[in-house]
Each structure stands twice: as C-alpha cells, then as structure tokens.
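# Remarks on the overall topology
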Amino acid sequence: MRDVAVVGVGMQEWGELWGKSTRDIFVESALLAMDDAGVDQLGAMYVGSMSPGIFAAQEHLESVMADYLGQLPIPATRVESACASGGLAFRLAYVNVASGMHDVVLAGGIEKMTDVSGGEATHALSTAADMKWEGVSGVTFPGLYAMLAVAHMERYGTTREQLAMVSVKNHENGYSNSRAQFRMKITVDQVLDSVKVADPLNILDCSPITDGAAAAVLMPLEMAKKLGKPIIQVIGTGHATDTIALHDRADLTTLRAVTEAAKQAYAMAGKQPADIDLVEVHDCFTIAEIIVSESLGFFEPGKGGPAVEAGETARTGRIPINPSGGLKSKGHPVGATGVAQIVELVEQLRGQAGERQVKDARVGMAQNMGGSGGSSVVHILEVK
Amino acid sequence: MPPSRSWRSYPQTYRLEAARCKGCGKAYYPPRLICPGCKGREFEHFRMKPSGTIVSHTVIRTPSSEFSGLAPFAVGIVEMDDGPRLTLQLADVGFEEIKTGLPVRLEFRRMYSEGESGVIHYGHKAVLVRK
Ligand SMILES: [Zn+2]
C-alpha cells in the first residue's frame, strides 16, 4: 500500500441554494478542490450521495458528475452509506490511491435537500433506519436519537442543559465559518425553549436540512511532496457497521460502529486519543456528539456531558470538537458532510482556518456516521 | 405500502412470530436465516408472549407525514419477555407516566390509514400493565 496525501480541498457556501442545480453545486466544489491541488485531470472519482433519486429524481449520479466535471471517460463511482456516504467516498478514494490503481483521485459529496418538501425530506432520511421494523411505530430519526439520549441521561446523569451546550458551542464555532448555513450565536435557554421535536430533543438539538457539496483530491505522498505545499497525510482510516435497527443493540449508551472504526484508525495511525489535536464529529443531534466523544475514547463513558459543560471541547479546550461549527451550524447535506469534515481538517492542519484556527493543530480526526449509527467512518490526518 | 410487503410480514406483524436459534438459544424478531451470534442456520419458530419491559422512550411531537394526524404520540423500545426488542407506540398513557423498566402488554390496534379512503393498517402497540 502506498502512503496517501490530501492535496486539494474545496467547499462552497452551504444553505438553501434554490438557484443552483445538484450538478452545479457539486462541480463548483470539485473545481475548487482541483484548483487547490493544481490538477485538471483525475484518474478516478467517488461521489458520496445518499438519496439523489428522492431529492433530485436522479440516480446514476457518478456519470452525471464525471460528465459535468469534464472528466469523461474516467471510472466514477457513487457511494451510499446514508449520512456516512461522504466519509465512505473519501475512504474508497484513499484505498484506490493506496492500492496503486490511480494517482489522482477525487472524493466528493453532494446532497440537494431543499427542492422537496419537509415531509419528503423526512421520508428520504427515514430510509436510513429499519423502514420495516422501526418505521412501523412512527418513530423518526430525532426520535431514535432521543431514545439514545434518554438511555444516556438515565445511566450517567447527563443533563438536558449539557445537550444544549453542544449546540451552543457548535453555533459559536460556526459563527466564524463563512460557509456555514446558520451563522448565529445561540444560548442554552434558546435551545431549551425551542420547538419540541422528540422528547427530550428540541429543534435546536437537530442538524438542519441543507444543500451543499464538498470535495478533496488525493494522491500518493511521494507525488504530493513535489507540489511544494504543506503535506497532509492520511495516516489512519476505519470503517464499521452495526445493527440497522437501534432496538437490536444491547447497549444504547454507546455506538459500536464508531468504537470499531476508531479502533482501526488509531491502530493504523499508531495514535491514541491523547495524540489528537482536534476532531470533527457527526453531531446530527446534540446527544450524538456526546456519545461519539466517548466512543472515540476522548472521555470515559458518561463523562462526555460534563466535558462539554467544562469547556473541554471548545475551540480553545483540551480537545476541540467541531471547530467548523459541526453539522448543527454548518449544515448537513447528508452525502457531503463526511467530505466537509475532511475539508475542515485540511484547512486546520495547514494553518489556514482563520478565526476558527485551533492552536498547534498537527493531528486531526474526522468521524462520520450513517443512520442511528448503523455505519461509521473514521479518518486521522497529520501534517508532515 | 405495497400489498406484497405487508403480506410477507403477516406472521410477524399479526402473530408476533419469532425464531429461536437451535445453536445458542437466542431469539430473533423478525426471524432470520443465520444467527449473528453462533452462525447457526437452524431455528425454531414460536409466538412471543405479548409482554415486555420499556428500555427507552420518547414522545414524537414532529412526525413524518404518514403519522401527522397522530402527534404527539409516545414511542418506546420494548424488551419482550421472550428476549427480542421492538420499537412500538406506547398507547393509553400519560407522557409523564412513562419510565424505563415499566412492564407493558402488547395489544392489537389501528396504526394508521393510507389516504382518505385507503387501507387501514393494524399492528401492535404497548400499553402499561397497571397494578
Ligand atoms: Zn445462535
């Protein structure tokens, strides 16, 4: 296997992009990544997208994007793993380059979610759950995460306020991210008083519906060294699955796919949680960030809530979590989210994150997750 | 829902049919073809007792369009006395009464209907066992 570096990243502003088509949104970010890498020809490409068939009435997205990115006839592959589609696209691009198959490979992600009604969007997202055996009860995705929250609160004493503090912190971070969908600071009281969605979660505990894309270009480390730029190496990758139905898991206070994927990534990188300088995690709901921060090994089980309260996960804290603003503030175009996490890591590790810059960032981690944790992808990047 | 998809699951949906692995004794609902625990492929099918315990719960206040007429409604993960866990609506209960660990009984109820004059779907809901 060859060592692999990320040599280019690109991401346009996210939000409700009514004036732009699915393909334009993707191509804009992909071109930014290719410009950043200084390449105009790819060897192969991967496109993470969860449900273009429902959101945009368009399948066969890999060919659409290879065509409109001016890259025909290169091999292109659409990757789907619900909300982890982007992270998985990045992993497959990594494997492609590491294997020696191709030298310049693009990993992108796209979802255009606001062309359909809220009900249709909820339906599209619900297909990431066990449609038959969970769906029959009328439970929603917020409802599934709410049941994780209840289990965590009852076992460990995690408080409603601590959940809210995750959202407050991520909005604080996203306030200085020019590409974030919701750039506003909020308070704990605002979260507690916001519209109830699924007890104990309110609307300000939930990531939004978003249009957006992100892209990264990977190449062998030896080739990357000739570009005369900071070298960002992919030093660890991990990927794991768990039961599709939340109710089939014996323990509702941890996420096994996350723990397993992290174990693989740490082992490959030769790193431990204490070696990580910043992490982008999949905060689709506030409780998710708390559980994931424990499942990744940054805190003991049950200590994720108190850690947020103590400011340990703030940008200036012991282990900054989601300096980009996370899914909560930046937005969550599901197929793009995992790639956007890589974009943030690369900018942080290059020292180009501006107001969001984490001090002395040398090793970063990204954790992307599908459904209620039925899949997870973890990457560790290091500046050389 | 396509009729064939409903029809296929009648034994589970209406009779709570589960399968117990002959290798390790673990029970699965719905039945599976291979046991994730011991990789066994032989199962004994049986009807679960309609009783269990609440493992976690929530109140859905913002539902999907299919369930829009029903909100707010309570949902819980129920561990059946026979072992398998299910996600079910919790019926006939004040939201404040719901606690993990409480015993429930499964009852056959109307779930939702498709459209104004469409198909009415029935299924199991959990109700609290009151002392
Ligand atoms: Zn078995």
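The model shown is predicted, which means the values in this text are computed figures rather than measured ones.

## Remarks on the coordination of the zinc ion
Residue and element names in this part refer to chain B.
- Protein coordination of the zinc ion is provided by Cys21 (SG), Cys24 (SG), Cys35 (SG) and Cys38 (SG), with donor distances spanning 2.3 to 2.4 Å.
- Of note is the zinc ion, whose four donor atoms meet at the metal with angles of 95 to 118 degrees in an arrangement that counts as tetrahedral.
- Of note, the zinc ion draws all its donor residues from one chain, in the sequence arrangement C-x2-C-x10-C-x2-C. A residue pair is termed long-range when its members are at least 10 positions apart, and Cys24 in the loop between strand S1 (17–21) and strand S2 (27–28) and Cys38 in the loop between S2 and strand S3 (43–47) qualify at 14 residues.

## Looking at the domain arrangement of chain A
Residues and elements named next belong to chain A.
- With domains assigned, chain A is organised as domain 1 (4–117 + 210–227) and domain 2 (130–207 + 232–383).
- Here the C-alpha centre of domain 2 lies 22 Å away from the C-alpha centre of domain 1.
- Listed per partner, the contact involves 43 residues of domain 1 and 36 residues of domain 2.
- Where domain 1 abuts domain 2, roughly 2900 Å² becomes buried across the two surfaces, and 66% of that area is made up of carbon and sulfur atoms.
- Taken together, the links from domain 1 to domain 2 amount to one salt bridge.
- Note that Arg350 is salt-bridged to Asp36, the shortest N-O span being 2.9 Å.
- Put simply, domain 1 and domain 2 have 13 residue pairs in polar contact (both at pLDDT 80 or more) between them.
- Where the side of domain 1 that touches domain 2 is concerned, the elements lending two or more residues are strand S1 (4–10), helix H4 (85–99), strand S4 (105–112) and strand S7 (211–220).

## Structural notes on the sheet that holds S2(B)
All names here are of chain B.
- What the three strands build is an open sheet, ordered S2-S1-S3; its pairing is antiparallel. Strands with a single pairing partner mark the edges of an open sheet, and in this sheet they are S2 and S3.
- With five bridges joining them, S1 and S3 adopt antiparallel strand pairing. Each residue of the ladder has a partner; that of Glu17, found in S3, is Arg47.

Conventions used here
- Residues numbered from 1 in each chain as written.
- Chains lettered and ligands numbered in written order.
- Predicted model: local features only at pLDDT ≥ 70, side-chain atom pairs only at ≥ 80, totals over all residues.
- Heavy atoms only, no water.
- Donors = N, O, S within 2.8 Å, 3.2 Å for Na, K, Ca; no water.
- Tetrahedral: all angles 85-135°; square planar, octahedral: opposite > 155°, others 65-115°.
- Helix = DSSP H or I, 4+ residues; strand = E, 2+ residues; numbered from the N terminus.
- Domains from an automatic or database assignment.
- Contact = heavy atoms within 4.5 Å.
- Buried area = accessible area lost by both parts, 1.4 Å probe.
- Salt bridge = Lys/Arg side-chain N within 4 Å of Asp/Glu carboxyl O.
- Polar contact = N/O pair within 3.5 Å; in protein donor to acceptor, adjacent residues only side chain to side chain.
- Pairing = 2+ DSSP bridges.

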